[in-house]
Amino acid sequence: MSNFKATFLGTGTSQGVPVISCKCGVCQSVDSRDNRLRTSLLISVEGKNIVIDTGPDFRQQMLNNRVDSVDAVLFTHEHKDHLAGLDDIRPFNFKSKSVMPIYATTAVQEALKREFHYAFGEKKYPGVPQLELHTIADEPFEIFGEKIIPVNVLHYKLPVKAFRLRNFTYITDANYISDEEFEKLKGTEVLVINALRKEKHLSHFSLEEALAFIDRLAPKRAYLTHISHLMGRHKEVTAELPRHVKIAHDGLVIDCE
């Protein structure tokens, strides 16, 4: 059994799929793979669970995937659909009787302190999230002995962190990467990359752009995430993709070794 797996907790864009009040074919689909919670990933490596981003669906994602422990949280950026569920880390605090390590840039930490001010005050209300902040920047860092390489990408003009762990790379909310940062990705064998829809978008890779990025990097396998209802039905998009590229769905578990 592999000691390195990734679980797609959510694969949807900021509104999720179905979108509230939308009557399109995707939002009305009876295929469970077309139901997408907000984007988040669980890395299970050497017996430790690391969650990348805690969006507004975090609680439901933990229940859906029967996650019994989270050992650390890693954030890509400060948008609400990637951090709004952090309060629901509390059951893991209670169970482990310890603080939760949070790895984030200073910009993300500032957002967390605004959104969850009650968790950072000097006089904390009983039962608030117990968080331990660790600042990440451009240099590689370690979580539980695992080397993580942060990679700078842009979400229109907003800096976002992609992450490489061993031969696995995760890129969400991006549509630009410099040649210098791309060098950090070479040798990636399993790539997860955002692809919002088929039409071009201001701040996300389109399907065509994501496929071009995959061709350039040439991983053995690639998975598309952060999908909007405008992409189309899961089954139909799958039929259009190269064999080594899959459109991810909520609950999908992949072996990263």
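Our subject is the structure listed above.
Here the structure is a predicted model, which means the values were calculated and not measured. (Residues numbered from 1 in each chain as written. Predicted model: local features only at pLDDT ≥ 70, side-chain atom pairs only at ≥ 80, totals over all residues. Heavy atoms only, no water.)

Trainee: Residues and numbers for helix α6 (residues 207-217), please.
Mentor: Looking only at α6, the buried set comprises L207, A210, F213, I214 and L217. Projected onto a plane normal to the axis of α6, the buried residues spread over an arc of 125 degrees and lie on a single side. In α6, the exposed positions that point more than 90 degrees away from the buried face belong to E208 and D215. Along its buried surface, α6 packs onto β10 (168-171), α5 (179-182), β11 (190-194), β12 (221-225) and β13 (245-247). Phi turns positive one or two residues past the end of α6, at A218, with a value near 60 degrees. (Buried < 20%, exposed > 50% of the residue type's maximum accessible area, 1.4 Å probe, protein only. Helix = DSSP H or I, 4+ residues; strand = E, 2+ residues; numbered from the N terminus. Arc of directions from axis to C-beta. Contact = heavy atoms within 4.5 Å.)

Trainee: How would you explain the packing of aromatic side chains if you had to name every residue and give the values?
Mentor: Counting across every chain of the model gives seven aromatic pairs. The interplanar angle of 80 degrees and the centroid separation of 6.3 Å between the aromatic rings of F116 and Y118 together place this pair among those described as edge-to-face. Since its relative accessible area comes to 31%, Y118 is described here as partly exposed. Above the ring of F144, the side-chain terminus of K48 is found at 5.0 Å from the ring centroid. (Phe/Tyr/Trp six-rings, centres within 6.5 Å; stacked < 30°, edge-to-face > 60°. Lys NZ or Arg CZ within 6 Å of the ring centre and 35° of its normal.)

Trainee: Go over the side chain of T169 with me, naming the residues and quoting the values.
Mentor: The residue T169 is located in strand β10 in this model. Residue T169 is classed as buried on the basis of its relative accessible area of 0%. Apart from the residues within four sequence positions on either side, T169 is in contact with F163, R164, L185, T188, V190, L191 and V192.

Trainee: Can you lay out the pairing of strand β8 (residues 146-155) for me, pointing to particular residues and giving the numbers?
Mentor: By the bridge criterion, three bridges tie strand β7 (residues 141-143) to β8 in an arrangement that is antiparallel. Residue pairing for β8: E142 is matched across the bridge by K147. Across eight bridges, β8 lies against strand β9 (residues 158-165) in antiparallel orientation. Counted as the bridge partner of I149 is R164 from β9. (Pairing = 2+ DSSP bridges.)

Trainee: With reference to specific residues and values, describe the pattern of salt bridges.
Mentor: A pair can form between side chains of opposite charge whenever their charged atoms are brought close. Counted according to the given criterion, the structure contains 14 salt bridges. When the shortest N-O distance is used, the salt bridge between K184 and E181 registers 2.9 Å. We classify K184 as partly exposed; its relative accessible area is 25%. The class for E181 is buried, based on a relative accessible area of 8%. Ionic contacts of the salt-bridge type, sharing partners, join the residues E46, E146 and R166 into one network. (Salt bridge = Lys/Arg side-chain N within 4 Å of Asp/Glu carboxyl O.)

Trainee: Account for unusual backbone geometry, naming residues and giving values.
Mentor: The omega torsion across V17 and P18 is 5 degrees, close enough to zero to call that bond cis. Structurally, P18 can be placed in the loop between β1 (4-10) and β2 (40-45). Phi is positive for R66, close to 50 degrees, though the residue is something other than glycine. Note on placement: R66 falls in the loop between α1 (58-64) and β4 (72-74).

Trainee: Talk me through the environment of G10; I want residue IDs and the actual numbers.
Mentor: In this structure, G10 sits in strand β1. For G10, the contacting residues outside a window of four places in its chain are L37, R38, T39, S40, Q61, T225 and D250.

Trainee: Lay out the pairing of β1 with the relevant residues and their values.
Mentor: For β1, the buried fraction is high: six of the seven residues fall into the buried class. Here six bridges tie β1 to β2, and the two strands are oriented antiparallel to one another. Note that in β2 the partner of G10 across the bridge is S40. Two strands pair when backbone bridges link them, and β1 and strand β14 (residues 253-255) are joined in this way by three bridges, in the antiparallel orientation. In the sheet register, T7 faces β14, and the bridge partner there is V253.

Trainee: So, the sheet that holds β2: which residues are in play, and what are the values?
Mentor: Strands sit in the order β6-β5-β4-β3-β2-β1-β14 across an open sheet of seven strands; the sheet is mixed. Only two strands of the sheet have a single partner each, and these edge strands are β6 (131-135) and β14. Across this sheet, the average inter-strand angle for adjacent strands is 25 degrees, counted without regard to direction. (Axes fitted to C-alpha atoms, helices over the stretch in contact; angles between N-to-C directions.)

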